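# Architecture at a glance
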Amino acid sequence: MRIVPKLNVKTIIGSIVTTILILFSLQLIASKGNKKVVSSALTSFSDTIPVVAEKVIATSADSLAEKDSIHRKDSVIKTVDTLVSKDSLDAPVNYSAKDSGVLIMSTKQFVLYGKSNTKYKDITLDAATINYDQQSQLIRAYGMVDTSNNPMSKPKLVQAQMKSVSDSILFNMKSMKGITKNTHYMEGEMHVNAQELKKVSADVFYGRGALITTCNLDTPHFAIRTRRIKLINNKIAVSGPASPEFEGVPIPIGIPFGIFPLTQGRHSGLIAPAFASNDIMGFGLTNLGYYKVVNDNLDVTSMADIYSYGGWRLNVNPKYIKRYHYSGALNITIQKTVSLNNTPYNFTQNEFSKFSTFMLNWSHTRDNRARPGTNFSASVNFGSTRYNQLVPNAPILNINNNLNSNISYSKDFKGKANLSVNLNTSQNSVTRLVSLNLPNISFNMATVYPFQKKDKIGTPKWYESFGIGYSTNFQNQFSYYDTAFNFKKMLDTAQWTVTHTVPITFTLPQLGPVTFSPSIGYSEQWLAQKLNRYWDTSLKKVDTTLTKGIYALRNVSFGMSASTRVFGTLKFKNSFVKAIRHEMRPTIGFSYTPNLTLKNYQSVQVDTFGHKMYFSQLGLGASGTPILPKSSGSVTFGIDNLLEMKVKDKSDTSASATKKIKLIDGFGFNSAYDLLADSFAMAPVNFYMRSTLFEKINITTYATLDPYQVDNFGYHINKLMLADGKLGRITNANIAISTSFKSKPKDEKADKERLAPDPFMTPDEQMRQLQYARSNPAEFTDFNIPWDLSLSYALRYSKTVTSNLLGSYSYMTVITSSVNFSGSFSLTPKWKTGGNGYFDLTAGKLQLFTLWFSREMHCWQMNVNVTPVGPYRSFSITISPKSGILRDLRINRNRSYYSY
């Protein structure tokens with residue numbers, strides 16, 4: 001019988017009267033010996049259940065005795081809004097039950113049957129049966145069994161991030177103490193299976209007969225067994241003597257105690273080391289360190305490596321972030337390499353080679369919302385040129401010969417002008433040359449349209465598009481060799497320039513399909529030095545002297561260009577291919593540039609045969625030209641083409657459905673002809689083509705055609721190759737083909753989450769993480785993608801005249817071709833392998849190859865990385881838990897071999 005009256009004054013009064021009559025009748029029944037358990041919305045202890053909570057069913061003991069009562073399809077969840085004991089509990093208790101709720105007045109107990117739920121503050125309890133005793137304030141929770149006698153609806157207790165599933169729960173609502181039997185306790189990534197778990201306070205538990213693991217299975221793959229354990233919520237778990245076991249099999253290894261962190265988020269602590277072995281550095285202990293959380297905005301990671309031959313490495317990596325303002329990281333590494341010489345020993349050679357190197361990495365980005373209109377960023381990679389070669393177990397990093405850095409600041413002046421300041425450095429580990437470009441300052445003013453009306457009404461006049469701009473750029477460069485660094489000599493290499501540019505642009509009215517674009521430009525360059533070259537007859541070479549001062553170069557240019565578009569379509573009937581469309585975009589232009597720098601050129605003998613070349617005294621380069629530059633009046637021309645096809649769309653059932661397929665994204669040529677030149681008027685012709693076939697294969701190619709002949713010494717002569725029936729001579733060309741394929745992910749949602757970028761990582765940090773992933777691909781295996789493959793092919797051709805200014809010239813032809821490949825595929829659902837490499841087709845040699853294997857073991861993962869070829873060979877195998885809590889509980893074996 002269900003009584004659900006409306007909450008109004010009449011109903012409340014009627015309910016009270018009805019309840020009094022029911023209680024009086026029940027008392028009479030009880031006095032006759034026919035005692036039955038009754039549930040009611042109101043009780044004699046009104047301080048426990050307020051009158052407002054009236055939605056409770058009334059049922060008899062007979063109905064509760066029915067075994068299948070909680071499985072009836074017509075069972076309805078009955079909810080009591082609040083269950084509060086005003087004299088004992090300080091918060092409401094919300095509860096619900098699918099079958100029934102029973103109130104026993106004599107013992108002041110309230111019992112919920114059938115998928116019951118109770119909520120008190122941050123505690124949620126779910127069970128098949130929940131019994132609340134108001135006098136003792138104890139809650140008892142039990143599970144039940146199904147028709148096959150299997151357990152179901154086990155009591156589940158949730159408090160904050162702590163979860164536990166037990167056979168039975170006894171809990172005191174006031175003291176927050178309790179005891180559970182056969183409990184599966186979960187907090188974060190930690191799982192504890194305990195025979196008995198006792199809660200002594202709001203945050204402290206004691207366990208007996210416990211298994212500690214990060215495996216979420218009922219029967220874990222691995223665990224650490226201990227007789228006693230103490231857990232403190234969101235802080236730490238401490239065990240007594242313990243031993244590991246795998247698949248339930250004990251391992252005869254014991255530890256006197258165990259400490260397991262339960263703190264969520266960042267927390268300070270030691271970083272466990274790993275053992276390594278290197279054929280030239282000896283045995284080592286790597287990545288021994290400490291992680292320190294300074295505050296919410298700063299943390300510091302310190303790590304060290306130590307090798308038996310005396311080598312060591314120290315790394316300090318602080319990271320900082322202030323949300324919506326900036327983020328960054330500093331990475332400082334000092335490395336002392338003591339390596340065994342792997343060449344045959346002799347008395348003039350030391351047994352060990354010693355190198356001291358360092359590396360400084362700094363990355364910084366600022367959120368645009370912090371200060372709109374300004375931006376500051378840094379990506380600094382500066383260190384010893386040999387550092388990359390000496391880092392063990394990093395084959396990709398070992399062959400990286402260049403280091404580049406950039407620090408930039410920019411400010412926008414409300415769209416009217418902008419200022420940028422850059423500091424750049426570049427290092428080459430082969431030449432050992434370090435170039436510093438600092439500072440580079442650029443100021444640009446937005447184009448001003450003096451004849452443009454403030455209120456634009458109607459079609460604008462052609463002269464309103466007349467615009468004038470201004471930009472200036474300051475550049476300063478130093479260079480030195482790190483093998484012979486001297487600060488004073490470095491300052492002597494300073495070369496600074498200031499360039500001013502005034503562009504003038506406007507657009508003429510379009511004449512039919514042709515668009516005309518005139519341009520006028522003026523630039524002036526200030527330089528800090530002048531170079532004087534002369535032929536030294538005694539040494540038989542070109543020598544150079546330098547004169548410092550302030551010198552100016554001026555340049556004026558005038559130009560006019562015209563462009564249009566031509567379309568053509570070839571249609572087909574009753575064919576899968578419906579049409580082929582060709583778009584041609586021809587351009588032609590004229591530019592005039594008077595030579596205002598003629599006085600700065602000097603004629604210099606360059607070899608013992610008397611050949612002369614012209615060099616600019618204000619030019620920063622060492623190359624010359626065989627003819628004296630004059631004023632230029634060039635006609636530029638070129639044609640770009642687009643080819644696409646329209647085919648029937650098979651995915652659409654309609655007869656007229658089509659789709660476009662691009663055959664060639666662009667192909668064409670461009671060149672120029674100087675009308676004012678008395679020789680070598682024709683410029684080299686550039687050909688290019690780019691296409692994406694089947695939306696998968698990217699093809700890019702270009703070639704440069706030299707139209708003039710050369711003599712026996714490699715010098716150009718004013719004679720076109722057309723005179724001999726040839727179009728020209730290809731001086732350089734390139735063909736690049738790349739493609740990638742991969743299968744569909746097993747779980748597309750998980751794949752999108754994996755690809756989501758970390759918003760708090762700087763681009764430089766992302767690049768370093770990518771480099772680490774390339775060096776250790778097995779640690780980043782994605783089992784969600786069954787297979788993937790990437791291929792790229794490059795063919796490079798060059799034919800040039802080389803000169804060292806000592807009278808020695810050579811005609812060099814270089815052809816190189818290479819293939820890069822990477823991929824992975826699943827051998828089984830749990831095994832995956834892959835690799836990446838670089839094959840030099842010209843040398844016929846595999847220059848770099850890395851092979852890896854990965855084994856998915858549910859809560860563990862095994863990674864194997866092998867680099868069997870190249871000067872930097874290595875092997876590593878690591879078996880470790882996936883959980884971040886136990887990531888230092890790993891078994892690893894590393895070996896490195898060098899042949900440099």
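Quick caveat: nothing in here was measured; it's all calculated off a predicted structure.

### Observations regarding the overall build of the protein
- Tallying secondary structure elements over the protein gives six helices and 52 strands in all.
- By the burial criterion, 36% of the 900 residues in the protein qualify as buried.
- A sequence separation of at least 24 residues applies to 50% of the contacts in the protein between residues at least 6 apart.

### Observations concerning the packing of aromatic side chains
- If you walk through the whole model with that rule in mind, you get 18 aromatic pairs.
- Geometrically, the ring pair formed by Phe222 and Trp860 is edge-to-face, given 5.0 Å between the ring centres and 85° between the ring planes. On the criterion of sequence distance, the pair formed by Phe222 in strand E15 (residues 222-232) and Trp860 in strand E50 (residues 860-867) is long-range, its members being 638 residues apart.
- We classify Phe222 as buried; its relative accessible area is 3%.
- Ring-pair connections join several aromatic residues into one group, and the members of that group are Phe222, Phe246 and Trp860.
- It is Arg386 that lies over the ring of Phe355; its NZ or CZ is 4.4 Å from the centre.

### Points about empty space enclosed by the protein
- Within the structure shown, the criterion is met by seven cavities of 30 Å³ or more.
- As for the largest cavity, its lining consists of Leu157, Met162, Ser164, Ile169, Leu170, Phe171, Gly178, Ile179, Thr180, Leu197, Lys199 and Phe205.
- For the lining of the largest cavity, the elements supplying multiple residues, two or more each, are strand E10 (162-165), strand E11 (168-172), strand E12 (178-187) and strand E13 (190-199).
- Residue classes in the lining of the largest cavity are distributed as eight nonpolar, three polar and one charged.

### Here we look at a nonpolar patch on the surface
- Taken together, Ile306, Trp312, Leu314, Val316, Ile332, Ile334 and Phe358 make up a surface patch of nonpolar side chains, about 580 Å² in accessible area.
- Among the elements that take part in the nonpolar patch, strand E24 (residues 312-322) stands out by supplying three residues, more than any other.
- Accessibility expressed as a relative area gives 38% for Trp312, which makes it partly exposed.

### A few points about the nonpolar core
- The biggest cluster of nonpolar side chains holds 21 residues, and the ones touching the most others in it are Tyr185, Val192, Leu231 and Phe260.
- Put simply, the parts of the chain that give this core at least two residues each are E13, strand E14 (204-213) and E15.
- Residues in contact with Phe260, not counting those within four places in the same chain, are Met190, Ile212, Ile224, Ile236, Ala237, Ser239 and Leu886.
- Judged by nonpolar contacts, the second largest core, of 20 residues, contains Phe110, Tyr120, Leu125 and Ala127.

### Things to note about the confidence of the model for the protein
- Scored by pLDDT, the protein comes out at a mean of 80, with 83% of its residues at no less than 70.
- The least confident element of the protein is helix H2 (residues 61-65), whose mean pLDDT is 35; the most confident is strand E23 (residues 298-307), at 94.

### A few points about unusual backbone geometry
- Note that the residue after Leu438, namely Pro439, is joined by a cis bond; omega there is -15°.
- Its location among the elements puts Pro439 in strand E30 (residues 433-448).
- Although it is not a glycine, Lys540 adopts a positive phi angle of roughly 55°.
- Examined against the element boundaries, Lys540 turns out to sit in the loop between strand E33 (515-536) and strand E34 (541-563).
- With a phi close to 60°, Glu695 is a non-glycine residue in the positive phi region.

### Details of the pattern of salt bridges
- Within this structure, the stated rule accounts for 14 salt bridges.
- Arg208 is the partner of Glu196 in a salt bridge, and the nearest nitrogen-oxygen pair spans 3.8 Å. One end of the pair, Glu196, is in strand E13; the other, Arg208, is in strand E14, and 12 residues separate them in sequence.
- The exposure class assigned to Glu196 is partly exposed, which follows from its relative accessible area of 21%.
- Of the charged contacts in the structure, one is a salt bridge between Glu583 and Arg585, with a shortest N-O distance of 3.1 Å.
- Three or more residues are tied together by salt bridges with common partners; here these are Arg565, Arg581, Glu583, Arg585, Asp640 and Glu644.

### Looking at the environment of Arg895
- Position of Arg895 relative to the elements: it lies in strand E52 (residues 891-898).
- Measuring from C-alpha to C-alpha, the distance between Arg895 and Ser874 comes to 5.5 Å, with 21 residues separating the pair along the chain.
- In contact with Arg895, not counting residues within four places along its chain, are Ala276, Ser277, Phe283, Asn393, Arg873, Ser874 and Phe875.

### A short note on the environment of Lys121
- Structurally, the position occupied by Lys121 is in the loop between strand E4 (109-120) and strand E5 (123-133).
- Distance in space between the C-alpha atoms of Lys121 and Val93 is 7.7 Å, their sequence separation being 28 residues.

### Description of the pairing of E5
- Within E5, nine of the 11 residues are buried, which leaves it mostly tucked inside the rest of the structure.
- In this structure, the hairpin formed by E4 and E5 is closed by a connection of two residues, where Lys121 is found at a positive phi of approximately 55°.
- The turn linking E5 back onto strand E6 (residues 138-142) is made up of four residues, and Gln137 within it adopts a positive phi angle of 60°.

### Quick look at the pairing of strand E19 (residues 258-261)
- Side-chain alternation along E19 places Gly258 and Phe260 on a buried face and Ile259 and Pro261 on a face that remains uncovered.
- Sheet topology places strand E16 (residues 236-239) next to E19; four bridges connect them, and they run antiparallel. Bridge pairing in E19 places Ser239 opposite Gly258.

### Regarding the state of the cysteines
- Under the counting rule described, the total for this entry stands at zero disulfides.
- Left without a disulfide partner, Cys859 is nearest to the cysteine sulfur of Cys215, which lies 3.6 Å away.
- Given a relative accessible area of 6%, Cys859 falls into the buried group.

### Some details on the environment of Val710
- Tracing the sequence through the fold places Val710 in strand E43 (residues 708-710).
- Put simply, Val710 and Arg729 are 19 residues apart on the chain and 9.8 Å apart in space, counted from C-alpha to C-alpha.

So, how was this worked out
- Residues numbered from 1 in each chain as written.
- Predicted model: local features only at pLDDT ≥ 70, side-chain atom pairs only at ≥ 80, totals over all residues.
- Heavy atoms only, no water.
- Helix = DSSP H or I, 4+ residues; strand = E, 2+ residues; numbered from the N terminus.
- Buried < 20%, exposed > 50% of the residue type's maximum accessible area, 1.4 Å probe, protein only.
- Contact = heavy atoms within 4.5 Å.
- Phe/Tyr/Trp six-rings, centres within 6.5 Å; stacked < 30°, edge-to-face > 60°.
- Lys NZ or Arg CZ within 6 Å of the ring centre and 35° of its normal.
- 1 Å grid on protein atoms, 1.4 Å probe; cavity = no way out; pocket = protein on both sides within 12 Å on 5 of 7 lines; lining within 4 Å.
- Points joined across faces, edges and corners; volume = space filled by probe spheres on them.
- Nonpolar A, V, L, I, M, F, W, Y, C, P; charged D, E, K, R; others polar.
- Patch = residues over 30% accessible without salt bridge, like charges linked within 9 Å, V, L, I, M, F, W, Y side chains within 5 Å.
- Areas by Shrake-Rupley, 256 points an atom, 1.4 Å probe, with all protein chains shown as cover.
- Salt bridge = Lys/Arg side-chain N within 4 Å of Asp/Glu carboxyl O.
- Core = buried A, V, L, I, M, F, W, Y, C linked by side-chain atoms within 4.5 Å.
- pLDDT = per-residue confidence, 0-100.
- Pairing = 2+ DSSP bridges.
- Disulfide = S-S within 2.5 Å.

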